[in-house]
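Structural description and commentary
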Amino acid sequence: EAQVTQNPRYLITVTGKKLTVTCSQNMNHEYMSWYRQDPGLGLRQIYYSMNVEVTDKGDVPEGYKVSRKEKRNFPLILESPSPNQTSLYFCASSKQGGNQPQHFGDGTRLSIL
Amino acid sequence: SQELEQSPQSLIVQEGKNLTINCTSSKTLYGLYWYKQKYGEGLIFLMMLQKGGEEKSHEKITAKLDEKKQQSSLHITASQPSHAGIYLCGADGRAGNNRKLIWGLGTSLAVNP
């Protein structure tokens, strides 16, 4: 089954404790992206990747890192999480080029205490 | 910067009623996507519109893109409780390979049995 898989689905942690949210897709998509979704602010892009070893900042990259060493994986790293990073996070992937719908993972709900 | 405005922000309808959700941009859209999200869950792709005047239907949901490619509507006929959720529109703000999508804030739909 074609899918985007995120882990973990839920995480409660404390300020400053490094964490990684994994994202994997099995559709051989070139493009991958991370979003955060907050009430009243909608979906905001954190980072995106057009292909392996190519990543770029989205609208809200501060406090996050990403890497794209393999085509299927695009982990999101929070080196020193803070409470303002408490949010619902989504990973998405699509084929390269315009007019290609993005496929979303089920989301990761992060709570930073 | 380009924005997508969705209206209404929320909607409560009686089962069996028709409804329309709108998505408007001040600039030309190069690809318009409709997604449905159940509360706290992932986004499910519904439809994509590319050409001015295009209309697509899936089951009881019809999406249209106006001739100027600046406004899209999503129409649900004979709504059912299964249609409840948040409907999001997203769009390619420019042509080409750049996958910098812009997003509306969503329309929350409740369908009362």
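Residues numbered from 1 in each chain as written. Chains lettered and ligands numbered in written order. Predicted model: local features only at pLDDT ≥ 70, side-chain atom pairs only at ≥ 80, totals over all residues. Heavy atoms only, no water.

1. Some remarks on the state of the cysteines
On inspection of all chains with the given rule, the structure shows two disulfides over all chains. A disulfide bridge connects A:C23 with A:C91, and the sulfur atoms are separated by 1.8 Å. Around the S-S axis, the bridge from A:C23 to A:C91 shows a dihedral of about -75° and counts as left-handed. Pair noted here: A:C23 is in strand β3 (residues 19-25) and A:C91 is in strand β9 (residues 87-94), with a separation of 68 residues, a long-range link. Take A:C91: its relative accessible area is 0%, and that puts it in the buried class. One disulfide bridge connects B:C23 with B:C89, the sulfur atoms lying 2.0 Å from each other. Linking B:C23 and B:C89, the disulfide has an S-S dihedral of approximately 80° and is accordingly described as right-handed. Here B:C23 is found in strand β3 (residues 19-25), whereas its partner B:C89 is found in strand β9 (residues 85-92), with 66 residues between them in sequence. (Disulfide = S-S within 2.5 Å. Helix = DSSP H or I, 4+ residues; strand = E, 2+ residues; numbered from the N terminus. Buried < 20%, exposed > 50% of the residue type's maximum accessible area, 1.4 Å probe, protein only.)

2. Considering the packing of aromatic side chains
Residues and elements named next belong to chain A. All chains considered together, the criterion is met by nine aromatic pairs over all chains. Both rings, one in Y64 and one in Y89, keep their centres 5.9 Å apart while their planes meet at 65°; by these two values the pair is edge-to-face. In this pair, Y64 sits in the loop between β6 (54-57) and β7 (65-66) while Y89 sits in strand β9, placing the two residues 25 residues apart along the sequence. Using a relative accessible area of 5% as the deciding quantity, one classes Y64 as buried. (Phe/Tyr/Trp six-rings, centres within 6.5 Å; stacked < 30°, edge-to-face > 60°.)

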